[in-house]
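Now for the letters of each chain:
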Amino acid sequence: MPMELETNLSNIQQKIAAACEQAQRDPSEVTLLAVSKGHKIDRVHEASDYGLTCFGENKIQEAKLKIPQGPRNAEWHFIGHLQTNKARDAVRLFHMIHGVDSFRLAEALQESCEKQARTARILLEINISGEASKHGFSPAEVIEQIEELNDFDRLEIHGFMTMAPWTPEPEKTRPVFRQLNDLRKECEDVMGVPFPVLSMGMSNDYEIAIEEGSTIVRIGTSLFGKRSYAKKKKSP
Ligand SMILES: *Cc1c(COP(=O)(O)O)cnc(C)c1O
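Here's the deal with the nonpolar core
Phe94, Leu109, Leu124 and Phe160 are the most contacted members of the largest nonpolar core, which totals 64 residues. Residue contacts for Phe94: discarding those within four places in its chain leaves Glu57, Ile60, Ala63, Ile67, Trp76, His77 and Phe78. If you look at the next biggest cluster of nonpolar residues, it comprises nine residues, including Leu123, Met161, Val197 and Ile216.

Description of the site of the ligand
Residues in close proximity to the ligand include Val35, Lys37, Ile79, Met161, Met163, Met202, Ser203, Arg218, Ile219, Gly220, Thr221 and Arg227, which together make up its full environment. A distance of 2.8 Å separates an oxygen atom of the ligand from a polar atom in the backbone of Gly220. A distance of 2.5 Å is found between an oxygen atom of the ligand and a side-chain nitrogen or oxygen belonging to Thr221. Taken by itself the ligand offers 380 Å² of open surface, and the protein chains cover 90% of this.

Remarks on the pairing of strand S3 (residues 75–78)
Strand direction decides the pairing type here: strand S2 (residues 54–57) and S3, joined by four bridges, are parallel. Across the sheet, Phe55 pairs through a bridge with Trp76, a residue of S3. Between the parallel pair S2 and S3, the chain is carried across by helix H3 (residues 60–66), and the sense of this crossover is right-handed. This β-α-β element, S3 to helix H4 (residues 87–93) to strand S4 (residues 96–100), shows right-handed connectivity.

Overview of the packing of helix H6 (residues 139–150) against helix H7 (residues 174–191)
The interhelical angle for the contact between H6 and H7, taken along N-to-C directions, is 40°, at an axis separation of 10 Å. By the angle between their directions, the pair H6 and H7 is classed as oblique. The two elements H6 and H7 cross, and the hand of that crossing is right-handed. The segment H6 lies against H7, with Pro139, Val142, Ile143, Ile146, Glu147 and Asn150 engaging Leu183, Glu186, Cys187, Val190 and Met191. In the contact of H6 with H7, the residues fall into eight nonpolar, one polar and two charged.

Brief notes about the side chain of Ser36
Inspection of the secondary structure puts Ser36 in the loop between strand S1 (31–35) and helix H2 (41–49). A relative accessible area of 0% means that Ser36 is categorised as buried. Side chain to side chain, Ser36 and Glu57 meet in a polar contact 2.7 Å long. Apart from residues no more than four positions distant in its own chain, Ser36 is found in contact with Val44, Phe55, Gly56, Glu57, Glu62, Lys66, Trp76 and Phe224.

Some details on H2
Among the residues of H2, Ile41, Arg43, Val44, Glu46, Ala47 and Ser48 are the ones counted as buried. Looking one or two residues beyond H2, the residue adopting positive phi is Gly51, at roughly 100°.

A word on a negative patch on the surface
Together, Glu107, Glu114, Glu147, Glu148, Asp151 and Asp153 make up a region of like negative charge exposed at the surface. Taken together, the elements giving at least two residues each to the negative patch come down to helix H5 (103–116) and H6. Tracing the backbone shows Glu147 in helix H6. Residue classification places Glu147 among the exposed residues on the basis of a relative accessible area of 52%.

Focus on the state of the cysteines
Should the sulfur atoms of two cysteines be covalently bonded, the bond is a disulfide. Scanning all chains against the criterion turns up zero disulfides. Among the cysteines around Cys54, which has no disulfide bond, Cys20 carries the closest sulfur, lying 15 Å off. In this structure Cys113 is a free cysteine whose sulfur lies 20 Å from that of Cys54, the closest cysteine sulfur available.

Quick look at the pairing of strand S5 (residues 120–125)
The buried fraction of S5 amounts to five of the six residues, a majority that puts the element mostly inside the structure. Note: S4 against S5, two bridges, orientation parallel. Residue pairing for S5: Ile97 is matched across the bridge by Ile122. Assessed by its sense of winding, the connection that carries the chain from S4 through H5 to S5 is right-handed. Here S5 runs beside strand S6 (residues 155–161); their pairing, made up of six bridges, is parallel. Following the sheet pairing, Leu124 is matched in S6 by Phe160. Traced from S5 through H6 to S6, the parallel crossover comes out right-handed.

Procedures and definitions
- Residues numbered from 1 in each chain as written.
- Predicted model: local features only at pLDDT ≥ 70, side-chain atom pairs only at ≥ 80, totals over all residues.
- Heavy atoms only, no water.
- Core = buried A, V, L, I, M, F, W, Y, C linked by side-chain atoms within 4.5 Å.
- Buried < 20%, exposed > 50% of the residue type's maximum accessible area, 1.4 Å probe, protein only.
- Contact = heavy atoms within 4.5 Å.
- Near = heavy atom within 4 Å.
- Polar contact = N/O pair within 3.5 Å; in protein donor to acceptor, adjacent residues only side chain to side chain.
- Areas by Shrake-Rupley, 256 points an atom, 1.4 Å probe, with all protein chains shown as cover.
- Pairing = 2+ DSSP bridges.
- Helix = DSSP H or I, 4+ residues; strand = E, 2+ residues; numbered from the N terminus.
- Right-handed = clockwise from strand over helix to strand, strands pointing away.
- Axes fitted to C-alpha atoms, helices over the stretch in contact; angles between N-to-C directions.
- Parallel < 35°, antiparallel > 145°, perpendicular 65-115°, else oblique.
- Left-handed = near helix turned anticlockwise from the far one by under 90°.
- Nonpolar A, V, L, I, M, F, W, Y, C, P; charged D, E, K, R; others polar.
- Patch = residues over 30% accessible without salt bridge, like charges linked within 9 Å, V, L, I, M, F, W, Y side chains within 5 Å.
- Salt bridge = Lys/Arg side-chain N within 4 Å of Asp/Glu carboxyl O.
- Lys, Arg positive; Asp, Glu negative; His and termini not counted.
- Charge placed at Lys NZ, Arg CZ, Asp CG, Glu CD.
- Disulfide = S-S within 2.5 Å.

Quick look at the structure:
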């Protein structure tokens, strides 16, 4: 339903603009990453027709099928939990990998990049809330390991990513986003290099995230509607 997508997009863009105004930021600093996981490639083309260029996927299998059928100018971002044995595909397929959540994964990505003579743009995923169900470095771990992580010569660390706990009151997520921004500044001080990208904010909480400095908001449901996952076939 093209009309629906157009309406959703214009609502989101208005809210992004309002949050930027509230925080006295320039809306051009905020990228809308359209999270297309669980949606057919037609929806991506439709979104592309409305000017969106950045798309997010969280499963390598799904991405492998969709990306070759996508718009030519699309920029694909991996936003899921990446297993080390899929590092090779992730490096090949994606413009940026958001969820680098362990030192082991960084090592695997470095190795895949060497084999493919590529570099990878990455974001380090931080588990700010400390929830056991979430992946990522703890803030203390990242401070401790940032120097070694930055030494991987084929990984460009552009910044950080986090997921806030779901809550019916998005305002409650503010401290999580603020802590990620503080952690970014701390890492910049330690390393003396900029980490400009903050990937934070989803359908439920992106306005708060923008007020706290987000530069990439990852929005699925508010843009495309509910996801309908196809049933998984058992692998032979
Ligand atoms: C699915 C997903 C999103 C999008 O979530 P919505 O609530 O549908 O906007 C954002 N980030 C990550 C990491 C996701 O897995």
